[in-house]
Structure formats: C-alpha cells, structure tokens
Amino acid sequence: INMSKLNCIIITPNKKIRNVECDYVGATGVEGDFGILPQHAPFITELAPGILFLRNLGRADDPIGITSGFLHVFEDKVTVVTDNAYEKTDLTKTQDEYKKLYEGKKLNMDKIDKSDPKYNNMKTEVDKLSVLFKLTSYK
C-alpha cells in the first residue's frame, strides 16, 4: 500500500493560504478539470476561475475558490500561485444573491467590446462572482 501524500502549498501575493498534506488535489485548468494523486508526473498548467479541492480520505473536502493562476507539480509537491483565493469563510451572501450578481455583471460585460478599457475590470469581477457562487455549493 502506497501511503505517500501530496504537500500542497497555495500562495497569493498577500499571504500563504495553505501548506497542508492531502491525498488528492482537484482543479480547473484552462483546458479543463483535472486531478492530482501522489506520484503524479511533473506538470505545470494555467488555472481558470474555479474551485480547487484539497481532499483527505475520510474527511470533508477543503474547497478554495481561485480566479486565476498556475499550478505546478513536482515530486509530490503541489504549488498553486494565484492572484486571489477565496474560502468558505469569505462568503457573505447566499447562493441566490451571488447568482443574481454574477448574471447581472456578466450581462453588462457581454454588452461591451473586449477592447473597451472597462472590459478587463468587469471580467475580473465576473470571474470572482462566478467563483464565489460555485463556492456556496460547498457550505
């Protein structure tokens, strides 16, 4: 039986969010969802807005919302560098409230051209609301 674990470190420019051992890491990359188990091949990918799962067998998942960043795997060490990370304790609204905010902001964003100087700020806000909305599913 292989008893190895993953060492997972999640950092933002402002603070270290996690430095923990876990059995599995699940994430959303720009090319789709993926999972990492111990002894995974070396790997680096860009992350898309979504939920990062840290899973320990027999315990509840530890979901963390990520808006963007990179994930690197090497010798059972998973390093996530992200602009923003959100935890369940950061949630201040209900799932319905986040859904309405997200849908409203997304409609406004979809009405403007990508070349508009306001577009990137709107996209950042839409990505954040999308992540917070997804995170409410894991309360």
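Draft legend 1. How the structure looks around unusual backbone geometry. Backbone geometry at glutamine 39 places phi at a positive 70°, although glycine is not the residue there. As for its position among the elements, glutamine 39 is in the loop between β4 (32–36) and β5 (43–47). A residue is classified by how much of its surface remains accessible, and glutamine 39, at 59% relative accessible area, is exposed.

Draft legend 2. Molecular detail of the side chain of aspartate 23. In this fold, aspartate 23 is placed in the loop between β2 (16–22) and β3 (24–29). Exposure remark for aspartate 23: the relative accessible area of 13% places this residue in the buried category. Side-chain polar atoms of aspartate 23 contact the backbone nitrogen of leucine 57, separated by 2.6 Å.

Draft legend 3. Structural detail: the nonpolar core. Within the largest apolar cluster, 19 residues are counted, with the highest numbers of intra-cluster contacts made by Ile10, Val25, Ile36, Leu52, Leu71, Val78 and Val80. Contacts of leucine 71, omitting those with residues within four sequence positions, involve Val25, Ala27, Phe34, Ile36, Phe43, Ile44, Thr45, Leu47, Leu52, Val78, Thr79 and Val80. Counting residues in each nonpolar core, the second largest holds nine residues, with Phe53, Tyr86, Tyr98 and Leu129 among its members.

Draft legend 4. Highlighting the environment of aspartate 61. In this fold, aspartate 61 is placed in the loop between β6 (50–55) and β7 (62–66). Along the chain, aspartate 61 and tyrosine 138 lie 77 residues apart, while their C-alpha atoms are 8.6 Å from each other. With sequence-adjacent residues up to four places away left out, aspartate 61 is seen in contact with Phe53, Leu54 and Arg55. Among the polar contacts made by the side chain of aspartate 61, one reaches the side chain of arginine 55 at a distance of 2.7 Å.

Draft legend 5. Representation of helix α2 (residues 119–135) in the model. End to end, α2 covers 24 Å across 17 residues, agreeing with the expected 24 Å (1.5 Å per residue, within 8%). Residues of α2 that are buried: Tyr119, Val126, Asp127, Leu129, Ser130, Val131, Leu132 and Leu135. Turning to α2, the residues buried within the fold contact β6, β7, β10 (85–86) and α1 (95–111).

Draft legend 6. The pattern of salt bridges, seen in detail. Inspection of every chain in the model, using the stated rule, returns six salt bridges. Here lysine 106 makes a salt bridge to aspartate 110, at a shortest N to O gap of 3.2 Å. With a gap of four residues between them, lysine 106 and aspartate 110 both fall in helix α1, about one helical turn apart. Its relative accessible area of 28% is what places lysine 106 among the partly exposed residues. Looking at aspartate 110, the relative accessible area reads 49%, which means it is partly exposed.

So, how was this worked out
Residues numbered from 1 in each chain as written. Predicted model: local features only at pLDDT ≥ 70, side-chain atom pairs only at ≥ 80, totals over all residues. Heavy atoms only, no water. Helix = DSSP H or I, 4+ residues; strand = E, 2+ residues; numbered from the N terminus. Buried < 20%, exposed > 50% of the residue type's maximum accessible area, 1.4 Å probe, protein only. Polar contact = N/O pair within 3.5 Å; in protein donor to acceptor, adjacent residues only side chain to side chain. Core = buried A, V, L, I, M, F, W, Y, C linked by side-chain atoms within 4.5 Å. Contact = heavy atoms within 4.5 Å. Expected span 1.5 Å × (residues − 1). Salt bridge = Lys/Arg side-chain N within 4 Å of Asp/Glu carboxyl O.

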